[in-house]
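Topology and contacts: notes
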Amino acid sequence: MNARFTDKVVLVTGAGGVLGRTAALSFAKEGATVVVADVNKSGVDETVKLIEAEGGKASGVVVDVTSSESVKAMVDTAVSRHGGLHVAFNNAGILGGGTPVGEHDEDVWNKVLAVNLTGVFLALKHETAHMAANGGGVIVNTASNLGAHWRLATMSAYSTSKAGVSFLTRTAALEYIKQGVRINSISPGPIDTPMSYLPGETREQRDARLAPTVPLGRVADPQEVANAVLWLASEESSYVVGHDHVIDGGATA
């Protein structure tokens, strides 16, 4: 079994959701002590329970990624509990949208940007502060192929937020690499999570709608995306800096 993260403290936001939970479990299986963070306490508790049931090490923290105070407390808690912070996967995000720009609800716009983009900015702000002062680290952010790589009508808020994550990642990567902090992002296409469904849609209807948009002919399994996250977070990708890694079955090829 790989043990790429033995003695590493790994922070995962959005870890109560499918992708975050899959990544958190994968990090734990490879030796990490995982700090499970999410706005949903029940999701945090469930992910911690699953990790511990498999013999892994984890602790949970409830965080509001739109609050600088809450994000700083999350990072401080990780460090105080476990003695450091070596890897962060900034994955918390929401969908939102579904209407043209001229009809877009302003509160929805503000919430999507606050969670998806400002949330990553605040995470980077506090994670880099610790890592740069303590020997470095690795950060992976969740962007999306929908944004910097592909556009879809009625998804302006989500696309804007995720394009922002892509560009923020590359800018921060240039700013912090000389201080030993290596920063990259992932841009997945559709993943088999609740976010891939329209309201009331069945799996068969979801697959029929999305398959034609993906040359590979299917949505991604969450583990396929988590595998890429772990690679970017590991020493195997030590020369990869400021890269937005597209994982979309060829949709934007």
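The coordinates are above.
The sections below set out a description of the structure shown in this document. (Residues numbered from 1 in each chain as written. Predicted model: local features only at pLDDT ≥ 70, side-chain atom pairs only at ≥ 80, totals over all residues. Heavy atoms only, no water.)

So, on to the packing of helix H1 (residues 18-29) against helix H2 (residues 41-53). It is at 10 Å that the axes of H1 and H2 come closest, and there the two elements cross at 30°. With respect to each other, H1 and H2 are oriented roughly parallel. Crossing geometry of H1 relative to H2 is assigned as right-handed. For the pair formed by H1 and H2, the contact residues are Arg21, Ala24, Leu25 and Ala28 on the first element and Gly43, Glu46, Thr47, Leu50 and Ile51 on the second. Looking at the contact of H1 with H2 residue by residue, the classes come out as 5 nonpolar, 2 polar and 2 charged. (Axes fitted to C-alpha atoms, helices over the stretch in contact; angles between N-to-C directions. Helix = DSSP H or I, 4+ residues; strand = E, 2+ residues; numbered from the N terminus. Parallel < 35°, antiparallel > 145°, perpendicular 65-115°, else oblique. Left-handed = near helix turned anticlockwise from the far one by under 90°. Contact = heavy atoms within 4.5 Å. Nonpolar A, V, L, I, M, F, W, Y, C, P; charged D, E, K, R; others polar.)

The subject of this paragraph is the environment of Leu152. Tracing the sequence through the fold places Leu152 in the loop between helix H5 (145-148) and helix H6 (156-176). Leu152 sits in the partly exposed class, given a relative accessible area of 43%. Note: C-alpha distance between Leu152 and Val225 (73 residues apart in sequence) is 21 Å. (Buried < 20%, exposed > 50% of the residue type's maximum accessible area, 1.4 Å probe, protein only.)

Strand order in the open sheet made by the 7 strands is E3-E2-E1-E4-E5-E6-E7, with parallel pairing throughout. The open sheet has two edge strands with one neighbour each: strand E3 (57-62) and strand E7 (244-247). Pairs of neighbouring strands in the sheet enclose a mean axial angle of 20°, with direction left out of account. Against the sheet, H2 contacts strand E2 (33-38) and E3, and its axis sits at roughly 175° relative to E3. Here helix H4 (residues 106-133) sits on the sheet in contact with strand E1 (9-13), strand E4 (87-90), strand E5 (137-142) and strand E6 (181-188), set at roughly 175° to E5. (Pairing = 2+ DSSP bridges.)

Attention now moves to the packing of aromatic side chains. Per the stated rule, a full pass over the model turns up 1 aromatic pair. Each ring, one from Phe5 and one from Phe27, has its centre 4.9 Å from the other, and the planes form 75°; the classification is edge-to-face. Note that Phe5 is positioned in the segment before E1 and Phe27 in helix H1, a separation of 22 residues in sequence. What makes Phe27 buried here is its relative accessible area of 0%. (Phe/Tyr/Trp six-rings, centres within 6.5 Å; stacked < 30°, edge-to-face > 60°.)

Right, let's talk about the nonpolar core for a bit. Among the nonpolar cores identified, the biggest contains 33 residues, and Val12, Phe27, Val34, Val36, Ile51, Phe89 and Ile186 are the most heavily contacted of them. Elements with a minimum of two residues in this core: E1, H1, E2, H2, E4, E5 and helix H8 (222-233). The biggest single contributor to this core is H8, with 7 residues. The residues touching Val36, leaving out its near neighbours within four places in the chain, are Val12, Ala15, Val44, Thr47, Val48, Ile51, Ala58, Ser59, Gly60 and Val61. Counting residues in each nonpolar core, the second largest holds 27 residues, with Val9, Ala37, Ala92 and Val165 among its members. (Core = buried A, V, L, I, M, F, W, Y, C linked by side-chain atoms within 4.5 Å.)

A separate point is the side chain of Ser161. Within the secondary structure, Ser161 is located in helix H6. Of the polar contacts made by the side chain of Ser161, one reaches the backbone oxygen of Tyr158; its length is 2.7 Å. Ignoring anything within four residues of it in the chain, the contact list for Ser161 reads Val112, Leu113, Asn116 and Leu117. (Polar contact = N/O pair within 3.5 Å; in protein donor to acceptor, adjacent residues only side chain to side chain.)

Right, let's talk about the pairing of E3 for a bit. In terms of strand pairing, E2 meets E3 through 6 bridges, oriented parallel. Bridge pairing in E3 places Asp38 opposite Val62. Taken together, E2, H2 and E3 form a β-α-β motif whose crossover is right-handed. (Right-handed = clockwise from strand over helix to strand, strands pointing away.)

Moving on, we come to the pattern of salt bridges. The final tally for this structure, using the stated rule, is 10 salt bridges. When the shortest N-O distance is used, the salt bridge between Lys41 and Asp45 registers 2.8 Å. Of this pair, Lys41 and Asp45 are both found in helix H2, 4 residues apart, which corresponds to roughly one turn of the helix. Look at Asp45 and you get partly exposed, because its relative accessible area is 40%. Within this structure, Asp192, Arg203, Arg206 and Asp207 form a network of salt bridges that share partners. (Salt bridge = Lys/Arg side-chain N within 4 Å of Asp/Glu carboxyl O.)

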